[in-house]
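Coordinate inspection notes
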Amino acid sequence: MNRHNSPGRRVFLILNYTFLILLGLACLLPLINVLAISFSSSTAVNAGKVSLWPVEFNLDSYRFVVGKPEFVESFLVSVKRVLVGVPVNMVLTILVAYPLSKERGTFRFRNYYVWYFIITMLFSGGLIPWYMTIRATGILDTFWALILPAAVPIFNVILLLNFFKNIPPEIEEAARIDGSGVWQSLWRIAVPLSAPAIATLTLFCIVTHWNSWFDGLILMNNPAHYPLQTYLQTIIVNRDMSLINVADLTQWAAISDRTSRAAQVFVAMLPVMLIYPFLQKYFSQGIVMGSVKG
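Because the structure is predicted, anything quoted here is derived from the model rather than measured.

Things to note about the overall build of the protein chain
Within the protein chain, the secondary structure is distributed over 14 helices and 0 strands. If you list the helices and strands of the protein chain from N to C, you get α-α-α-α-α-α-α-α-α-α-α-α-α-α. Put simply, 72% of the contacts in the protein chain that link residues at least 6 apart link residues at least 24 apart.

Okay, structure coming up:
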């Protein structure tokens, strides 16, 4: 009997698929519930009538969230942050990870630099020294305060340097014999062969920049400079009344905390949901192959 068609194999597949379906539903149903709440009236939500389908369908919460000039401004700040911050992160990550992926015979002080970066990942000076350092550089309350303090994500460097280690050294040796220098080996050999890892880390950087709100709240004195997540945090979650006008108060009468927060969740996660399917195929390979070596 073919072991692939054995009764035990069929039972395993049934149990495995059943478990995965239940796990998928456990992740999907809460999101559907939140989406239904965001499209329902505050009366129906407060009465507990909403489950997986909107009750008294309306767009009041979304109108409140997105129908303001401040929202558009903060959205553009977040888009600009992603468009500038992600390339900065990836270029610096590649430039740091590539030399650190070499053996000590090639890069003499490789181990010292590796430990230097690992220590900075494990220990920090705290919030106040971090803030004072940024203020001393003169970038406080500027766009670059959102980019430069986290320009080199150490976790991403470690994943990528381990991925670079998986590239057979014979490939670079052959390129070197043909006259290729270090820069040509990096950008024409190492980077193209590491596309899964780079795509995965790019997704990490996009999500990090898009979802960050705390640094905008601490480093920006002018609300006009807030990124989207910081704006939503101050307007919807904490309700900073200094940023709410009379028209906003009128709209609050038609919505509730639950409907507005549900709308916030989907407005904030929609761009990442649109990007993720294009990078998902690289995700598992990039993570697994980037974590097998030390």
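Regarding a nonpolar patch on the surface
Together, Y17, F19, L20, I21, L22, L23, L25, L29 and L52 make up an exposed nonpolar region whose accessible area comes to about 880 Å². Its place among the elements puts L25 in helix α1 (residues 7–38). For L25, a relative accessible area of 39% corresponds to the partly exposed category.

A word on the pattern of salt bridges
What the rule picks out here adds up to 3 salt bridges. Among the ionic pairs, D60 bridges to R63, the shortest N-O distance being 3.1 Å. Of this pair, D60 and R63 are both found in helix α3 (residues 60–66), 3 residues apart, which corresponds to roughly one turn of the helix.

Concerning the confidence of the model for the protein chain
Mean pLDDT over the protein chain works out to 82, with 86% of the residues at or above the 70 mark. Within the protein chain, no element has a lower average pLDDT than helix α13 (residues 246–252), which sits at 59, and none a higher one than helix α4 (residues 69–100), at 92. Scored below 50 in pLDDT, residues 290–294 shows 12 contacts in the model against residues more than four places distant or in partner chains.

Quick notes on the environment of V34
Structurally, V34 is set in helix α1. Overall, the relative accessible area of 25% leaves V34 in the partly exposed class. Distance in space between the C-alpha atoms of V34 and V50 is 9.4 Å, their sequence separation being 16 residues. Each residue touching V34, except ones within four places of it in the same chain, is listed here: A262, V265 and F266.

Here we look at the packing of helix α7 (residues 154–165) against helix α10 (residues 195–211)
Taken N-terminus to C-terminus, the directions of α7 and α10 make an angle of 170°; their axes are 10 Å apart at the nearest point. The angle between the axes of α7 and α10 places the two elements in the roughly antiparallel class. Where α7 abuts α10, its residues F155, N156, L159, L160 and F163 lie against P196, A197, I198, L201, F204 and C205.

A look at helix α9 (residues 182–193)
With 12 residues, α9 should reach 16 Å at 1.5 Å per residue; the first-to-last C-alpha distance of 15 Å fits that figure. Taken together, the buried positions of α9 are S185, L186, I189, A190 and V191. Structurally, α9 contributes buried residues whose contacts are with α4, α7, α8 (169–177) and α10.

Quick word on the packing of aromatic side chains
Inspection of the entire model under this criterion finds 10 aromatic pairs. Ring geometry for F109 versus Y112: centroids 6.1 Å apart, planes at 50°, classification tilted. Overall, F109 belongs to the partly exposed group, its relative accessible area being 42%. When its relative accessible area of 59% is taken as the criterion, Y112 is described as exposed. Between Y116 and F117, the aromatic rings sit 5.4 Å apart at their centres with planes inclined by 75°, giving edge-to-face as the arrangement. For F117, a relative accessible area of 18% corresponds to the buried category. The structure contains a cluster of three or more aromatic residues connected by ring pairs, namely F71, F75, W210 and Y231. Taking NZ or CZ as reference, K80 lies 4.4 Å from the ring centre of F143, over its face.

About the criteria used
- Residues numbered from 1 in each chain as written.
- Predicted model: local features only at pLDDT ≥ 70, side-chain atom pairs only at ≥ 80, totals over all residues.
- Heavy atoms only, no water.
- Helix = DSSP H or I, 4+ residues; strand = E, 2+ residues; numbered from the N terminus.
- Contact = heavy atoms within 4.5 Å.
- Patch = residues over 30% accessible without salt bridge, like charges linked within 9 Å, V, L, I, M, F, W, Y side chains within 5 Å.
- Areas by Shrake-Rupley, 256 points an atom, 1.4 Å probe, with all protein chains shown as cover.
- Salt bridge = Lys/Arg side-chain N within 4 Å of Asp/Glu carboxyl O.
- Buried < 20%, exposed > 50% of the residue type's maximum accessible area, 1.4 Å probe, protein only.
- pLDDT = per-residue confidence, 0-100.
- Axes fitted to C-alpha atoms, helices over the stretch in contact; angles between N-to-C directions.
- Parallel < 35°, antiparallel > 145°, perpendicular 65-115°, else oblique.
- Expected span 1.5 Å × (residues − 1).
- Phe/Tyr/Trp six-rings, centres within 6.5 Å; stacked < 30°, edge-to-face > 60°.
- Lys NZ or Arg CZ within 6 Å of the ring centre and 35° of its normal.

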